[in-house]
Amino acid sequence: MYENIALRLQVSPQELERESLRLFLRHQLRLVESELFSLAHKYGVQTIAELDKLVQSGKIHEEDAFEDFFEFDYLESTRDMLSAISLCAEV
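Below is a summary of the structure that appears in this document. (Residues numbered from 1 in each chain as written. Predicted model: local features only at pLDDT ≥ 70, side-chain atom pairs only at ≥ 80, totals over all residues. Heavy atoms only, no water.)

### With respect to the overall build of the protein
Counting its regular elements, the protein contains 4 helices and 0 strands. Put simply, the protein runs from its N terminus to its C terminus through helices and strands in the order α-α-α-α. Computed over its C-alpha atoms, the radius of gyration of the protein comes to 19 Å, more than 25% above the 12 Å expected for a compact globule of 91 residues. A principal-axis box enclosing the C-alpha atoms of the protein has dimensions of 60 × 20 × 15 Å. The 91 residues of the protein split such that 25% are buried. Across the protein, contacts joining residues at least 24 apart in sequence account for 60% of those joining residues at least 6 apart. With an accessible surface of roughly 7,000 Å², the protein has 55% of that area assigned to carbon and sulfur atoms. (Helix = DSSP H or I, 4+ residues; strand = E, 2+ residues; numbered from the N terminus. Rg over C-alpha atoms; globule rule 2.2 N^0.38 Å. Buried < 20%, exposed > 50% of the residue type's maximum accessible area, 1.4 Å probe, protein only. Contact = heavy atoms within 4.5 Å. Areas by Shrake-Rupley, 256 points an atom, 1.4 Å probe, with all protein chains shown as cover.)

### So, the packing of aromatic side chains
Applying the stated rule across the entire model yields 2 aromatic pairs. On the basis of an interplanar angle of 70 degrees and a centroid distance of 5.0 Å, the ring pair of Phe-66 and Phe-70 is categorised as edge-to-face. Separated by 4 residues within a single helix, Phe-66 and Phe-70 lie in helix α4 (residues 62-90), roughly one turn from each other. On the accessibility criterion, Phe-66 (44% relative accessible area) is partly exposed. Relative accessible area serves as the criterion here: at 46%, Phe-70 is assigned to the partly exposed category. On the numbers, 5.7 Å between centres and 85 degrees between planes, the contact of Phe-69 with Phe-70 is edge-to-face. Looking at Phe-69, the relative accessible area reads 22%, which means it is partly exposed. (Phe/Tyr/Trp six-rings, centres within 6.5 Å; stacked < 30°, edge-to-face > 60°.)

This is how it looks when you write it as structure tokens:
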């Protein structure tokens, strides 16, 4: 399949695959960063650590931020993983 598409685009199958992977990873990273931005904006923070400080200080009730806290943590780890994979894919 890649071979036919690559032939029509006049690129090698390896170049097509490499560029497809790079664009896919970039797209996924942008989606995650967009979700992180929304959560960060909601609480006025930049990182999960800052959100944790707000919860610990009592400025935000733990019950109110419970699900968002875990989502924020998951998104940050996903962002870090995608960034690391993207760096490897560019080499």
